[in-house]
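# Residue-level structure breakdown
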Amino acid sequence: MSGKLTLDDVRADVAELLYEDPAEISDEENLLDWGLDSVRIMSLVERWRTKGVEVTFADLAERPSLAEWWTVLEPKAG
């Protein structure tokens, strides 16, 4: 990664955990419907924290789509 988290990185990370093609997951889809559970969300939180993005489980769990996540992550991703 180039030091900055992008929406494509977020999509790829989610797709990897769900064993899906990133192109199959749209920005507006409810990720819980795809099988994303609390354990996987925590895994994403920890992954992104190691990249310097300060995000919490609650930030993501309350907003279960990529578009909603990006509104939280983008300001913290740089």
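Placed above this text is the structure.
Being a predicted model, the structure only gives us computed values, none of them experimental. (Residues numbered from 1 in each chain as written. Predicted model: local features only at pLDDT ≥ 70, side-chain atom pairs only at ≥ 80, totals over all residues. Heavy atoms only, no water.)

## Considering the overall build of the protein
If you tally the helices and strands in the protein, you get 4 helices and 0 strands. Mapped in sequence order, the helices and strands of the protein form the string α-α-α-α. C-alpha extents for the protein along the principal axes are approximately 30 × 25 × 20 Å. Taking all 78 residues of the protein together, 35% fall into the buried category. Intrachain contacts of the protein at a sequence separation of at least 6 include 50% that bridge at least 24 residues. Only carbon and sulfur atoms are counted for the fraction: they give 49% of the accessible area of the protein, which is about 4400 Å². Averaging the positions of the 8 positive and the 18 negative side-chain charges in the protein gives two centres separated by 6 Å. (Helix = DSSP H or I, 4+ residues; strand = E, 2+ residues; numbered from the N terminus. Buried < 20%, exposed > 50% of the residue type's maximum accessible area, 1.4 Å probe, protein only. Contact = heavy atoms within 4.5 Å. Areas by Shrake-Rupley, 256 points an atom, 1.4 Å probe, with all protein chains shown as cover. Lys, Arg positive; Asp, Glu negative; His and termini not counted. Charge placed at Lys NZ, Arg CZ, Asp CG, Glu CD.)

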